[in-house]
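# Coordinate analysis (summary)
Spelled out from the first residue to the last, the chains are:
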Amino acid sequence: MDAPEHRVRRVINKGLGYRNFAQFVNEHRIGAACEVLSDPARADTPVLSIAYDVGFASIGPFNRAFREKHQQSPTEYRKLHGVSNG
């Protein structure tokens, strides 16, 4: 991107409606996690592995970001979408 950092921040924060860059990134990470969580072929993939795969360094921040977006845990989301590992 050939733009000053302050302009990119302004576009993300005001133009796209995010509080900050971290929220912007987490939104995309959570979206990627939802794809895996709702895929029956990936039912055996542990939630922790999914969190790592989408870019979170630990389970706590992943669970908080997920719950903030979906008002439920990743495990609850998976069950709601009919995906189980047994």
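Reading the values: rules and limits
- Residues numbered from 1 in each chain as written.
- Predicted model: local features only at pLDDT ≥ 70, side-chain atom pairs only at ≥ 80, totals over all residues.
- Heavy atoms only, no water.
- Salt bridge = Lys/Arg side-chain N within 4 Å of Asp/Glu carboxyl O.
- Helix = DSSP H or I, 4+ residues; strand = E, 2+ residues; numbered from the N terminus.
- Buried < 20%, exposed > 50% of the residue type's maximum accessible area, 1.4 Å probe, protein only.
- Phe/Tyr/Trp six-rings, centres within 6.5 Å; stacked < 30°, edge-to-face > 60°.
- Lys NZ or Arg CZ within 6 Å of the ring centre and 35° of its normal.

### Observations regarding the pattern of salt bridges
A side chain of one charge can pair with a side chain of the opposite charge if their charged atoms are brought near each other. Counting across every chain of the model gives one salt bridge. Residue Lys69 pairs with Glu27 through a salt bridge whose shortest N-O separation is 2.8 Å. Highlighted residues: Lys69 in helix H4 (residues 59–70) and Glu27 in helix H2 (residues 21–37), separated in sequence by 42 residues. Given a relative accessible area of 40%, Lys69 falls into the partly exposed group. In this structure Glu27 comes out as partly exposed when scored by relative accessible area, which is 28%.

### Concerning the packing of aromatic side chains
The tally for this structure, following the rule as stated, stands at four aromatic pairs. Taking the centre distance of 5.9 Å and the plane angle of 35° together, the rings of Phe21 and Phe24 count as tilted. Here Phe24 and Phe21 lie together in helix H2, a separation of three residues that amounts to about one turn. A relative accessible area of 21% places Phe24 in the partly exposed class. Between Phe56 and Phe62, the aromatic rings sit 5.3 Å apart at their centres with planes inclined by 65°, giving edge-to-face as the arrangement. For the pair formed by Phe56 and Phe62, the shared burial category is buried. An aromatic cluster is defined as three or more aromatic residues linked by ring pairs; in this entry it consists of Phe56, Phe62, Phe66 and Tyr77. Lying over the aromatic face of Phe56, Arg29 brings its terminal NZ or CZ to 5.3 Å of the ring centre.

None of the figures reported here should be taken as evidence of function without further support.
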